[in-house]
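Structure at a glance
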Amino acid sequence: MKKEEKFGKFGAVMAMAGSAVGLGNMWRFPYLLGEYGGAAFLMVYLACAMLIALPIFACEFVIGRRSGMNCMGAFRALSDGKGIWGGCGMLFVVTCTIILSFYSVIGGWSLEYFFKACTFTFHEGISSDELSGIFSGFVSSIWPSLTGFLMFVWLTVYIVRKGIKSGIERFGKVAMPVLALIVVAIAVYVFMLPGSLAGYEYMFKADFSKLNGSVILAALGQSFFSLSLGCGCIITYASYVSKKDDMIKHSIGITVIDIIFALISGCAIMPAVFSFGLDPQAGPSLVYETLPYIFSRMPFGGIVAIVFFGALLVATVTSSISMCEVGVAYLSQERGYSRRKSCRIIGLCTILLGSLCSLSFGPLSHLTLMGKNIFDMCDSLSSNLLMIAGALLTVYFVGWKMKREDVYDEMVGRGTAKSHAPFFKCIYFLVRYVCPAAILVIFIQGLIDML
Ligand code: TRP
C-alpha cells in the first residue's frame, strides 16, 4: 500500500465519526427515543451501544488495521486463506452497495430539500397540506427524485475518487466540526423557543412501562446502524489508520461522538416539534414535512432551514462515502482496477439498484414482495439480515478464530496504551460470549420480521 494512503490521527477519528453520524442520528434516533419511552429507551440504548456495538466496532477495527486491507483481503490474510473466510468479505461488499443504493435515495431527498430551502420554498404561511403535497409529489415523481438521487451519488463518488487523504479525510476534517457547530447552534436556538420544554420531557422522561423485548431489539438495531457496523465500513477505514494510533481510544471516542450527536440532534428537533404543537411520531415525514412547517413559522426560519438541510446533507454524505469506499477498496486492491474505474463500477451498481429504489415510491410502487416495495425490501434485507450476519461473522472471527495474543497486540500492544489492558479483557469477554448471543437473538427476530 502506498504510504500516503493512511489517515492522520484527527482525520481517522473524523472520517470514522463521519461514517457513524448520519441519518441514523439526525432523524431516526430522536424519533425512536420519543416512541419507545424516552430516558428508559436511552438507558437501554446506551447499554447496547457500549456493551455490544462498541466491542463489534473494536473487532472491525482489529481486522482492518491488522491486515491493512479491504474487507475481502483482510479476512483472507488473517485466516491464512482457509475455509470460507476468504469469501466472506464479499458479503460486506454486497451489503454495503445495497445500503448505499437506498441510503442515496434519501440522500437525494436531503439534497433536493437543501435546494428548496435555498430558494425559500418553505415561505411564511405555507400550509401543512401544501408541504405534504410537495413531499409526496416529489418522492413519487420520476425525474425530480431521480435527479436528486443521481446528484447525490455523483457527489459521493466524486469525493471517494479523490482518494483517502485528499478526498475522504479532507472532507471529514472540515465537515464534522462544521456539522457539530451547526447542530449545537440549532439546538440552542430551539431551546429558546416558547413551549420547547415539553419536547425535552418527551425525550428524556423515563417511562419504564414501555420497555419490552421489541424496545431492546430496536435499541440494538439502532446502535448497529448508527455505528455503521456489520458491512465492512469500519474494517475498510481502519485499514487506513496508522499502527501508532491508540485503537481503544479511537473506538470509545467515536462511539461517544456518535451518541452525543444523536442526543444533540434530538434536542434540535423534538423541542421545536413540541413548541409548535405538532406530532412527534410522524416517522419519515418528520424531517421532510414537519420540520419545513416549523421553519416556515419560526423567526429566521428561512435561514435555519438552509442550515439544517445543509447539515443533514453533509452528515449523509460523510456516511455514504464510507459505504462507497468498501466496494472501491475491494475492486482496486483485489482486482487491481484503478481508483477511477473502481469508483465508476460501484457508482454504476448504485445507480442501477438505487434508481429502482427511488422509483419504488412512484411508478414502480406496485412491484412488491411480501407487502414491501423495492426500497423497503433493500432496507430490511440489509438491516435485518445481511448486516447482522456480517456482525456475527466479525465477532466470531475475532473472538474464536484469531489468536488472543494477536487481538491483544492490536488493541493494547501498539502505541502507548498498556494501561488499556483491563479494557481489553472486558471487550474480549464481551466479544466472545455476549455479542454473539445478542446478535443471534436479533438475527432470529429479523428473520421473523421479514417473513
Ligand atoms: N451510520 C450511518 C447513520 O447513522 C449510516 C451508515 C454508514 C451505515 N455506513 C453504514 C449503516 C454501514 C449501516 C452500515 O446514518
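For the structure itself, consult the block above.
Quantities reported herein were computed from a predicted structural model and do not represent experimental measurements.

Some remarks on empty space enclosed by the protein
Using the criterion set out here, one finds 4 cavities of 30 Å³ or more in the structure. Lining the largest cavity are 18 residues, with S19, Y103, F225, S228 and M323 sitting closest to its centre. Of all the secondary-structure elements, those providing two or more residues to the lining of the largest cavity are α1 (9-20), α2 (23-35), α5 (85-118), α10 (213-226) and α14 (301-334). Broken down by class, the residue content of the lining of the largest cavity amounts to 10 nonpolar, 8 polar and no charged. Approximately 50 Å³ is the volume found for the second largest cavity. I186, V190, A268, I269, A272, L291, I294, F295, M298, V304 and F308 are the residues that line the second largest cavity. Secondary-structure elements contributing two or more residues to the lining of the second largest cavity are α8 (164-191), α12 (247-275), α13 (285-297) and α14.

Section: the environment of R65
For R65, the location among the structural elements is in helix α3 (residues 39-67). The spatial distance from the C-alpha of R65 to the C-alpha of E410 is 8.0 Å, given a sequence separation of 345 residues. Side-chain polar atoms of R65 contact the backbone oxygen of S242, separated by 3.0 Å.

Digging into unusual backbone geometry
One non-glycine residue, F120, lies in the positive phi region at around 50°. Secondary-structure assignment places F120 in the loop between α5 and α6 (128-139). Phi at S228 takes a positive value of approximately 55°, unusual for a residue other than glycine. The exposure class assigned to S228 is buried, which follows from its relative accessible area of 10%.

Side note on the site of the ligand
Taken together, 17 residues form the shell around the ligand, and within it A20, L23, G24, Y103 and F225 come nearest. One nitrogen or oxygen atom from the main chain of S226 is found 3.1 Å from a nitrogen atom belonging to the ligand. Separating a nitrogen atom of the ligand from a side-chain N or O atom of S228 is a distance of 3.1 Å. Burial of the ligand by the protein chains amounts to 100% of its free accessible area of 360 Å². Judged by the proximity of its atoms to the pocket grid, the ligand belongs to the largest cavity. Broken down by secondary-structure element, the contributors of at least two residues to the shell around the ligand are α1, α2, α5, α10 and α14. In terms of residue class, the shell around the ligand is built from 9 nonpolar, 8 polar and no charged.

Re the environment of F224
On the secondary structure map, F224 appears in helix α10. Owing to a relative accessible area of 1%, F224 belongs among the buried residues under this scheme. Once the C-alpha coordinates of F224 and G24 are considered, the two residues, 200 residues apart in sequence, prove to be 9.9 Å apart. Beyond its immediate stretch of four places on either side in the chain, F224 contacts I52, I56, L229, M387, I388, A391, I439 and I442.

Quick look at the side chain of S104
On the secondary structure map, S104 appears in helix α5. Accessibility expressed as a relative area gives 0% for S104, which makes it buried. Within the local environment of S104, its side chain forms a polar contact with the backbone oxygen of L100, the two atoms lying 2.6 Å apart. Ignoring any residue separated from it by four or fewer positions in sequence, one finds S104 in contact with F149, F152, V153 and T350.

Digging into the pattern of salt bridges
The tally for this structure, following the rule as stated, stands at 9 salt bridges. Linking D406 and R66 is a salt bridge whose minimum nitrogen-to-oxygen distance equals 3.7 Å. Of this pair, D406 sits in helix α17 (residues 404-413) while R66 sits in helix α3, and the two are 340 residues apart along the sequence. On the accessibility criterion, D406 (25% relative accessible area) is partly exposed. As a salt-bridge pair, E410 and R66 come within 3.0 Å of each other at their nearest N and O atoms. One end of the pair, E410, is in helix α17; the other, R66, is in helix α3, and 344 residues separate them in sequence. Classification of E410 as buried rests on a relative accessible area of 0%. The class of R66 is partly exposed, set by a relative accessible area of 23%. Beyond isolated ion pairs, a larger network of salt bridges with shared partners links R65, R66, D406, D409 and E410.

A look at the nonpolar core
Among the nonpolar cores identified, the biggest contains 159 residues, and F41, F224, F308, F309 and M411 are the most heavily contacted of them. Sequence-distant contacts of M411, defined by excluding residues within four places in its chain, comprise A58, V62, M247, I248, F424 and I427.

Cut-offs and rules
- Residues numbered from 1 in each chain as written.
- Predicted model: local features only at pLDDT ≥ 70, side-chain atom pairs only at ≥ 80, totals over all residues.
- Heavy atoms only, no water.
- 1 Å grid on protein atoms, 1.4 Å probe; cavity = no way out; pocket = protein on both sides within 12 Å on 5 of 7 lines; lining within 4 Å.
- Points joined across faces, edges and corners; volume = space filled by probe spheres on them.
- Helix = DSSP H or I, 4+ residues; strand = E, 2+ residues; numbered from the N terminus.
- Nonpolar A, V, L, I, M, F, W, Y, C, P; charged D, E, K, R; others polar.
- Polar contact = N/O pair within 3.5 Å; in protein donor to acceptor, adjacent residues only side chain to side chain.
- Buried < 20%, exposed > 50% of the residue type's maximum accessible area, 1.4 Å probe, protein only.
- Near = heavy atom within 4 Å.
- Areas by Shrake-Rupley, 256 points an atom, 1.4 Å probe, with all protein chains shown as cover.
- Sits in = over half its atoms within 2 Å of the grid points.
- Contact = heavy atoms within 4.5 Å.
- Salt bridge = Lys/Arg side-chain N within 4 Å of Asp/Glu carboxyl O.
- Core = buried A, V, L, I, M, F, W, Y, C linked by side-chain atoms within 4.5 Å.

Coordinates in, geometry out; function isn't part of it.
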